[in-house]
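# Reading the structure
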Amino acid sequence: MNLQIAIVGLPNVGKSTLFNALTRSNAAQAANYPFCTIDPNVGVVEVPDPRLKALAEVCNPQKIIPAIVEFVDVAGLVKGASQGEGLGNQFLSHIRECHAVAEVIRYFKDDNVTHVHNSVDPKRDREVIEAELILADLQTLEKRIGKVASEARTGDKEKIALNALLERLKPEMESGKLALQVPMTDEEKLLLRDLHLITMKPLMILVNVGEKEVAAVNVEELRKVLDLPSGAKVIPISAKVEADLVSFSEEEAAAYLKDLGLDESGLHRVIREAYSVLGLQTYFTAGEKEVRAWTVRKGALAPEAAGVIHTDFEKGFIKAEVIDWKDFVECRGEVKAREKGLLRMEGKEYSVRDGDVMHFRFAN
């Protein structure tokens, strides 16, 4: 599975600058005026994972294939977008197929960069963005409620349950709650899957701060400023720093980050947090042809992990040879690992762990 993250925000908050920096491209036009992004831009980023290099040093493969993340830069929202203000909200449709949403909130102050509301107010900006996302979802609910209510009258149990859920969800969202903030069972969440509600998606808040502030900023203080609960995913990031890193070599980037007091780039933090909020992990396949990283949900059983490679692998799954990546590296491959009893044969009930190196046996 390719992880897709939608980047949303008001105009001129550094959204497109951040997109270009994260994806090391100039795909998104970044300019000092509103609505310079119209059509969504999509950038593909390799997931940084030092374990790949360690595995490759053992296997000396023909190819090294990392997992990837797709970032989707969506046109800037403004208050009233649901009623057609600015560019309207038609571009929000591009978010519906994404797995997570990253809200970019401007925190830095710079008189040379215009703000659509003529002032920097992170809490207000967050509320404007989320209100427009809620209104877009309410439009989806309005279109579906009448049809579902009619279908429920046929006695279909699933439609009856969905109808009751929509009737409960609508007033909650009208009061300003995101769909993900409304208590629901796992079964109810499945009922809503076909609606592709934007506010059901895991949410990260990327707070665009100045390059001199990014290392010292207090995340809990940011949550207070933004009026967010303590568990909200808030990531301080400097679009300026990320843009500077694009032109640096790996050694120069490391030195630059160290000078700023940072252990890693904002891109690394964003991807790590995305994996966390989505409950994802990585397993590997390793051999002479290729060393490759695969993304699978936490808790996935071995056949599901096999299905990430190919559906036939899942259907015909027999067994999986499994070894922890550290053991694979320390043993310099499978042969010695097998001799030491570190390579295991696992069946259909095996729960995949982050960092597993796996080889699947399946029937054609």
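Structure: see above.
Conventions we followed
- Residues numbered from 1 in each chain as written.
- Predicted model: local features only at pLDDT ≥ 70, side-chain atom pairs only at ≥ 80, totals over all residues.
- Heavy atoms only, no water.
- Helix = DSSP H or I, 4+ residues; strand = E, 2+ residues; numbered from the N terminus.
- Contact = heavy atoms within 4.5 Å.
- Pairing = 2+ DSSP bridges.
- Axes fitted to C-alpha atoms, helices over the stretch in contact; angles between N-to-C directions.
- Core = buried A, V, L, I, M, F, W, Y, C linked by side-chain atoms within 4.5 Å.
- Buried < 20%, exposed > 50% of the residue type's maximum accessible area, 1.4 Å probe, protein only.
- Expected span 1.5 Å × (residues − 1).
- Polar contact = N/O pair within 3.5 Å; in protein donor to acceptor, adjacent residues only side chain to side chain.
- Salt bridge = Lys/Arg side-chain N within 4 Å of Asp/Glu carboxyl O.
- Parallel < 35°, antiparallel > 145°, perpendicular 65-115°, else oblique.
- Left-handed = near helix turned anticlockwise from the far one by under 90°.

Attention now goes to the side chain of Glu346. Relative to the elements of secondary structure, Glu346 occurs in strand 11 (residues 344-346). In contact with Glu346, other than residues within four places in its own chain, are Phe317, Lys319, Ala320 and Val322.

A few words on the sheet that holds strand 1 (residues 3-9). Backbone-to-backbone hydrogen bonds pair the strands of a sheet. The strands run either parallel or antiparallel. Pairing in this open sheet of six strands is mixed, and the strands run 2-4-1-5-6-7 from one edge to the other. The sheet is open, and its two edges are formed by strand 2 (41-46) and strand 7 (233-237), each paired on a single side. Across the sheet, the axes of successive neighbouring strands diverge by a mean angle of 25°, strand direction being ignored. As paired elements, strand 5 (residues 100-106) and strand 6 (residues 203-208) share six bridges and run parallel to each other.

Here we come to the nonpolar core. With 70 residues, the main nonpolar core has Phe71 and Leu206 as its most contacted residues. Non-local contacts of Leu206, meaning those with residues more than four positions away in its chain, are made with Leu18, Ala102, Glu103, Val104, Ile105, Ile235, Ile237 and Val270. By size, the runner-up hydrophobic cluster in this structure holds 17 residues, among which are Ile145, Leu166, Met173 and Leu195.

Turning next to helix 4 (residues 157-174). Spanning 18 residues, helix 4 covers 26 Å between terminal C-alpha atoms, matching the ideal 26 Å at 1.5 Å per step. Regarding helix 4, the residues found buried are Leu162, Asn163, Leu165, Leu166, Leu169, Lys170 and Met173. The distance from a side-chain oxygen at the start of helix 4 to the backbone nitrogen of Glu158 is 2.9 Å, and the residue carrying that oxygen is Asp156. Looking one or two residues beyond helix 4, the residue adopting positive phi is Gly176, at roughly 110°.

Scanning the model with the defined rule gives 21 salt bridges in all. As a salt-bridge pair, Glu151 and Lys159 come within 3.6 Å of each other at their nearest N and O atoms. On the accessibility criterion, Glu151 (24% relative accessible area) is partly exposed. Each of Asp49, Arg51 and Asp354 takes part in salt bridges that share partners, so that together they form one network.

Moving on, we come to unusual backbone geometry. Here Asn60, not a glycine, exhibits a phi torsion of approximately 50°, which is positive. Structurally, Asn60 is set in the loop between helix 2 (50-59) and strand 3 (63-65). Not every positive phi belongs to a glycine, and Arg332 is a case in point at roughly 60°. If you trace the backbone, Arg332 turns up in the loop between helix 12 (325-330) and helix 13 (334-339).

What follows deals with the packing of helix 3 (residues 122-152) against helix 4. With their axes 9 Å apart at the nearest point, helix 3 and helix 4 run at an angle of 150° to one another. For the element pair helix 3 / helix 4, the angle class is roughly antiparallel. Both helix 3 and helix 4 take part in a crossing whose hand is left-handed. Along its contact with helix 3, which presents Ile134, Asp137, Leu138, Leu141, Glu142, Arg144, Ile145, Val148, Ala149, Glu151 and Ala152, the element helix 4 presents Lys159, Ile160, Leu162, Asn163, Leu166, Glu167, Leu169, Lys170, Met173 and Glu174.

Taken together, the three bridges between strand 3 and strand 9 (residues 290-297) define a ladder with parallel strand orientation. From the neighbouring strand, Lys63 faces strand 9, where its bridge partner is Glu290. Pairing of strand 8 (residues 280-286) with strand 9 involves seven bridges; the strand directions are antiparallel. Bridge pairing links Tyr283 to Trp294 in strand 9. Here strand 8 folds back onto strand 9, and the loop between the two strands holds three residues.

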